[in-house]
Amino acid sequence: TNPSPPRKSQRRNQPFSTMDMMFYMKKNKEKAAEKEKERKQKEELKNVLITDTAETNIRKQQHEGQQKWKAEGRQTKSQLKDVNMATATFETDIRKEQHAREKEWKQ
């Protein structure tokens, strides 16, 4: 009669056969070769030269325009701070005349 196949618990305790060892060694070598290939591909992909494209040039122009616009705004604000309201202007003279006329009319 045929003996029954060993149970799982019995198989765990048995040492690997030579064929099994060779199979697993081959698999490990294949795995290592695959990992090495992936490492090389990653390394090659890191050495990519980024060149200017139409999109980057357009974005660069837009950015420069925005920066120039913001700088003009800051400059205008700083210049407006220097306005001296104590000096007489044409508009203040007209308003004084109008105010004086209204005062005379009310009296």
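Residues numbered from 1 in each chain as written. Predicted model: local features only at pLDDT ≥ 70, side-chain atom pairs only at ≥ 80, totals over all residues. Heavy atoms only, no water.

**Some remarks on the overall build of the chain**
Logical step 1: Regarding its fold elements, the chain presents 4 helices and 0 strands.
Logical step 2: Walking the chain from its N terminus toward its C terminus, one meets helices and strands in the order α-α-α-α.
Logical step 3: Entry remark: accessible area of the chain is about 11600 Å², with carbon and sulfur atoms responsible for 54%. (Helix = DSSP H or I, 4+ residues; strand = E, 2+ residues; numbered from the N terminus. Areas by Shrake-Rupley, 256 points an atom, 1.4 Å probe, with all protein chains shown as cover.)

**Here we look at the packing of aromatic side chains**
The description of an aromatic ring pair uses the distance of the two centres, along with the angle that the planes make with each other.
Logical step 1: Scanning all chains against the criterion turns up 1 aromatic pair.
Logical step 2: An angle of 70° between the planes, with centres 5.4 Å apart, marks the rings of phenylalanine 23 and tyrosine 24 as edge-to-face.
Logical step 3: For phenylalanine 23, a relative accessible area of 45% gives the class partly exposed.
Logical step 4: Classification of tyrosine 24 by relative accessible area gives partly exposed; the value is 43%. (Phe/Tyr/Trp six-rings, centres within 6.5 Å; stacked < 30°, edge-to-face > 60°. Buried < 20%, exposed > 50% of the residue type's maximum accessible area, 1.4 Å probe, protein only.)

**Description of the pattern of salt bridges**
Oppositely charged side chains are able to pair whenever their charged atoms sit close together.
Logical step 1: According to the stated counting rule, one finds 3 salt bridges in the structure shown.
Logical step 2: As a salt-bridge pair, glutamate 36 and arginine 39 come within 2.6 Å of each other at their nearest N and O atoms. A residue pair is termed a helical-turn pair when its members lie 3 or 4 positions apart in one helix, as glutamate 36 and arginine 39 do in helix α2 (residues 18-46) at 3 residues.
Logical step 3: The exposure class assigned to glutamate 36 is partly exposed, which follows from its relative accessible area of 34%.
Logical step 4: With a shortest N-O distance of 4.0 Å, lysine 46 and glutamate 43 are connected by a salt bridge. (Salt bridge = Lys/Arg side-chain N within 4 Å of Asp/Glu carboxyl O.)

**Considering the confidence of the model for the chain**
Logical step 1: Summary statistics for the chain give a mean pLDDT of 83 and a share of 79% for residues scoring 70 or more.
Logical step 2: Mean pLDDT values for the elements of the chain range from 57 in helix α1 (residues 8-13) up to 92 in helix α3 (residues 54-80). (pLDDT = per-residue confidence, 0-100.)

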